[in-house]
Amino acid sequence: MTTLISRDELASAIAADAVTVLDTLGGEYYAQQHLPGAVALIRADVDAQAPALLPDRDAAIVTYCSNPACPNSGQVADRLTALGYTNVRKYREGIQDWVEAGLPVETA
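Please read all numbers here as calculations on a predicted model, not as lab measurements.

A. Structural detail: unusual backbone geometry. Its identity is not glycine, yet Asp17 carries a phi of approximately 55°, on the positive side. A relative accessible area of 69% places Asp17 in the exposed class.

B. Looking closely at the pattern of salt bridges. Taken as a whole and judged by the stated rule, the model has three salt bridges. Note that Asp47 and Arg79 form a salt bridge whose closest N and O atoms lie 2.7 Å from each other. One end of the pair, Asp47, is in helix H3 (residues 46–53); the other, Arg79, is in helix H4 (residues 72–82), with 32 residues separating them in the sequence. For Arg79, a relative accessible area of 23% corresponds to the partly exposed category. Between Glu93 and Arg92 there is a salt bridge whose closest N-O contact spans 3.5 Å. When its relative accessible area of 37% is taken as the criterion, Arg92 is described as partly exposed.

C. Spotlight on the environment of Ala69. Note on placement: Ala69 falls in the loop between strand E4 (61–64) and H4. For Ala69, a relative accessible area of 71% puts it in the exposed group. Sequence separation of Ala69 and Gly94 is 25 residues, and the distance between their C-alpha atoms is 9.4 Å.

D. Main features of the packing of aromatic side chains. Within this structure, the stated rule accounts for one aromatic pair. For the ring pair Tyr91 and Trp98, a centre distance of 6.1 Å and an interplane angle of 75° mean the geometry is edge-to-face. Owing to a relative accessible area of 2%, Trp98 belongs among the buried residues under this scheme.

E. Looking closely at H4. Taken together, the buried positions of H4 are occupied by Ser73, Gly74, Val76, Ala77 and Leu80. On an axial view of H4, the arc spanned by its buried residues comes to 165°, and they lie on one face. Residues of H4 that are buried sit in contact with strand E2 (20–23), H3, E4 and strand E5 (88–91). Gly84 lies just past H4 and shows a positive phi near 105°.

F. Representation of the sheet that holds strand E3 (residues 39–40). The strand order across the open sheet built from five strands is E1-E5-E4-E2-E3, with neighbouring strands paired in parallel fashion. Looking at which strands have only one partner, the edges of the open sheet turn out to be strand E1 (3–4) and E3. Here E2 runs beside E4; their pairing, made up of four bridges, is parallel. Paired with Thr20 across the bridge in E4 is Ile61.

G. Quick peek at the pairing of E4. Neither face of E4 is open: one carries Ile61 and Thr63, the other Val62 and Tyr64, and all of them are buried. Summarising the sheet, E4 and E5 pair through four bridges and their orientation is parallel. Bridge assignment links Ile61 to a residue of E5, and that residue is Val88. Viewed along the sheet, the connection from E4 through H4 into E5 turns out right-handed.

Calculation notes
- The residue numbers shown here count from 1 along each chain, following its written sequence.
- Whole-chain, interface and lining totals are the exception, using all residues; otherwise, since this is a predicted model, local features are given only for residues with pLDDT of at least 70 and side-chain atom pairs are given and counted only at 80 or more.
- To obtain the side-chain values, all non-hydrogen atoms of the structure were included, while hydrogens and water were left out.
- Categorising residues by exposure relies on relative accessible area from a 1.4 Å probe, with only protein chains included: less than 20% of the type maximum marks a residue as buried, more than 50% marks it as exposed, and the intermediate range marks it as partly exposed.
- When a carboxyl oxygen of Asp or Glu lies within 4 Å of a side-chain nitrogen of Lys or Arg, that pair is called a salt bridge.
- A run of DSSP states H or I qualifies as a helix once it reaches four residues; a run of E qualifies as a strand once it reaches two. Both are numbered from the N-terminal end.
- Pairing of aromatic rings covers Phe, Tyr and Trp, the last through its six-membered ring, and needs centres within 6.5 Å; plane angles under 30 degrees mean stacked, over 60 mean edge-to-face, and all others mean tilted.
- In this context, the arc is that of the directions from the helix axis out to the C-beta atoms.
- Residue contacts are counted whenever heavy atoms from the two residues lie within 4.5 Å of one another.
- Two strands pair if DSSP finds at least two bridges between them.
- A crossover counts as right-handed when, viewed with the strands pointing away from the observer, the path leading from the first strand over the helix to the second turns clockwise.

Here it is in C-alpha cells:
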C-alpha cells in the first residue's frame, strides 16, 4: 500500500519545489484545474511516459485524483512502485479537499 501524504505536507513540498505531483485524472479534469505544477499522468500511460517524465526513480512523487473514492491515484502509485520508483506517496483526499481548503489551483 502506498504511503499517504497530508494536505499540509504536500503544500509545503510544493512550495519548496521538493516533489513531482501527478494528476491522475488527466484530460478535461486536468485542463479545468490541477494542483500547482502538477503533471498529468493516467494509469494507461504510466509505462510509456514515466521514464521520460520521471527519470529519477528516487525522487519524491505524489499522486492524486478527485477524492478518496477515486482509485486512479492508487493505481498510478502502485504501477510506479512496480516500475522501481522508491519514493511515491498518495494524496488520498485529492483535489476536492485541496480546493475546499482554499488552496490555489492551475488550469491548462
